[in-house]
Amino acid sequence: MKKDIHLYNSLTNSKEIFKPLVPGNVGIYVCGPTVYSSSHMGHARSAIVFDVIVRFLRQIGFKVNYVKNFTDIDDKIIEKANELNQKSEDIANKYKQEYIEDMKNLGCISPDHEPCVSQNINGIIDLIKEIIDKDFAYEINGDVYFQIDKFKEYGKLSNQSTDSMIENNRIEFNPNKKNPLDFALWKKVKNNEPSWESPWGNGRPGWHIECSVMSCKHLGKNFDIHGGGRDLIFPHHENEIAQSECINSGNFANYWIHNGLININKEKMSKSLGNMINIKDALTRWHPILIRIFFLSHHYRTPVDLSEEKLIEIEKSLKKAKNKIMLSKPKSIDLTDFNNLWMEAMHDDFNTAKAIGIFFKYINDGKINPSNIDQVKIFEQVMGITNWTSIFEHDSETSNIDSSFINNLISKRNEARKNKNWELADELRNEAEQKGFILIDEKEQTLWKTKDR
RNA sequence: GGCGGUGUAGCCAAGUGGUAAGGCGAUGGUCUGCAAAACCGUUAUACCCCGGUUCGAAUCCGGGCACCGCCUCCA
């Protein structure tokens, strides 16, 4: 008997039973980055959330077509290129490669398709032509704008009426637009910009249109799931819906999944506040598995406060969990219950936080031990945390540390301890600590390890 | 102002009608010369406030209060 998946659909603001268009298959399109700078922890969260969703869907037998795009033509890329006196193509490529590398390092599986705007210009031009033909867009002075008044459902994703949007809009008045909310499908070329020939003259695509084209190319005119960060709901996803649905019948995407954003020490992480944390920087400090578990122990829709302390908490809890497992006597305890429970949590709007809680519970109840840990494999695979216990295997390793110093110190100290010269023994222990070594006195011997942080 | 979200222990965080998961911390203990580490216990009669529905509400409804996000580029 197959269980239903309930998922929260941002389009209807309610939890719904997931019904794929084609039974057993899922088409999912996730908005990837605009590649104009190094990717940050917001990208990481989104990527990890959807990575786990895709892994889970595959685990329970769906054939998933996972598409994530790169927006490699955009104002910000051009701006950056001009600033650095480089080609915008080179800027885009550089950060695209970085992103791919970062995702690999975070343990994310590669999407099946990673289309770029620059590879889909013809498709974009064709779609714009079609939108104009159907009278949902107009050309003026080499620009093409989508006319939102023509699309009656405009605002249905962000739950805004166009009136209130106009009232509140802060966009500079653009005399070319019939309605201030109209948005560009095609932009006329300016100096120092990449451009392509089109029926409206040289220019380039506006933001939004690429996603309508590329999702359609890989998933069809109607597909199952469209994902991305909450901040994309308006205008990006709203506009995608308008562009796509004005010429096709039915829903563009049936289900919209939006992940919550990130705060850094209780403050919004944003470019303007200058508190962005790059994935690369985070990875020099934190094991990717810690980062994954950190994100996955929150429900994907809630905002998350990222801080040093939280990562340390995760690290401690995992370390304890590992010890607990290793110290448990091998017993052949059946973990079918465990697997049913976390799977059930995942069926309910991908509740990774609950799933992880169940994982810890089973560990702390002593039900997971060295001889049945294999039964946890599927859980680890779905969460993308395979081999998580290996994070802690570097303790007491000599690798590139001069161990003669510390071994000398230990024998001197043990001599002092034998003579009950506690003062000297404590002094030596302090010295070791100052040099970054922690001493662990056991019955027969003294072990040492390097101070973690 | 419009739309959306959130409010659960010291902190973080699950829980959408059946009597409060999990993690960190704290605390008691074991171990230790003392520590550290590790391990074993304990740790919310209670879910922002006020009403209501119900046999039963953190969960549903109404009304407040507080915080946050989007409405401009952002994952």
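In this report, the structure presented in the accompanying data block is examined. (Residues numbered from 1 in each chain as written. Chains lettered and ligands numbered in written order. Predicted model: local features only at pLDDT ≥ 70, side-chain atom pairs only at ≥ 80, totals over all residues. Heavy atoms only, no water.)

Moving on to the packing of helix α6 (residues 209-219) against helix α7 (residues 233-245). In the contact formed by α6 and α7, the axes pass within 8 Å of each other and the chain directions differ by 60°. Considered as vectors, α6 and α7 are oriented oblique to each other. Like other packed secondary-structure pairs, α6 and α7 cross with a definite hand, here right-handed. For the pair α6 and α7, contact is made by Ile209, Glu210, Cys211 and Ser212 and by His236, Glu240, Gln243 and Ser244, respectively. Its residues assigned to classes, the contact of α6 with α7 shows two nonpolar, four polar and two charged. (Axes fitted to C-alpha atoms, helices over the stretch in contact; angles between N-to-C directions. Helix = DSSP H or I, 4+ residues; strand = E, 2+ residues; numbered from the N terminus. Parallel < 35°, antiparallel > 145°, perpendicular 65-115°, else oblique. Left-handed = near helix turned anticlockwise from the far one by under 90°. Contact = heavy atoms within 4.5 Å. Nonpolar A, V, L, I, M, F, W, Y, C, P; charged D, E, K, R; others polar.)

Now for the packing of aromatic side chains. This model, assessed by the stated rule, comprises 22 aromatic pairs. For the ring pair Phe146 and Phe183, a centre distance of 5.1 Å and an interplane angle of 20° mean the geometry is stacked. With Phe146 in strand β6 (residues 143-146) and Phe183 in strand β7 (residues 183-188), this pair connects stretches of sequence that are 37 residues apart. With relative accessibility at 0%, the residue Phe146 sits in the buried group. Under the relative-accessibility criterion, Phe183 is labelled buried at 6%. Three or more aromatic residues joined by ring pairs form one cluster here, namely Phe338, Trp342, Phe359, Phe360, Tyr362, Phe379 and Trp388. Sitting over the face of the ring of Tyr36, Lys76 holds its NZ or CZ atom 5.1 Å from the ring centroid. For the cation-ring pair, Arg301 lies above Tyr8, with the distance from its terminal atom to the ring centre recorded as 3.9 Å. (Phe/Tyr/Trp six-rings, centres within 6.5 Å; stacked < 30°, edge-to-face > 60°. Buried < 20%, exposed > 50% of the residue type's maximum accessible area, 1.4 Å probe, protein only. Lys NZ or Arg CZ within 6 Å of the ring centre and 35° of its normal.)

This paragraph deals with the side chain of His236. With respect to the element layout, His236 can be found in helix α7. Those residues in contact with His236, other than ones at most four positions away along the chain, are Cys31, Trp207, His208, Glu210 and Cys211.

On to the sheet that holds β7. Within a sheet, each strand pairs with its neighbour through backbone hydrogen bonds, oriented either parallel or antiparallel. Across the sheet, four strands lie side by side as β5-β6-β7-β8; this open sheet has antiparallel pairing. Bordering the open sheet on either side are β5 (137-140) and β8 (203-205), each of which pairs with just one other strand. Taken pair by pair, the neighbouring strands of this sheet meet at an average axis angle of 20°, ignoring direction. As judged from the three bridges shared by β7 and β8, these two strands associate in the antiparallel manner. By the bridge assignment, Lys187 is partnered in β8 with Arg204. (Pairing = 2+ DSSP bridges.)

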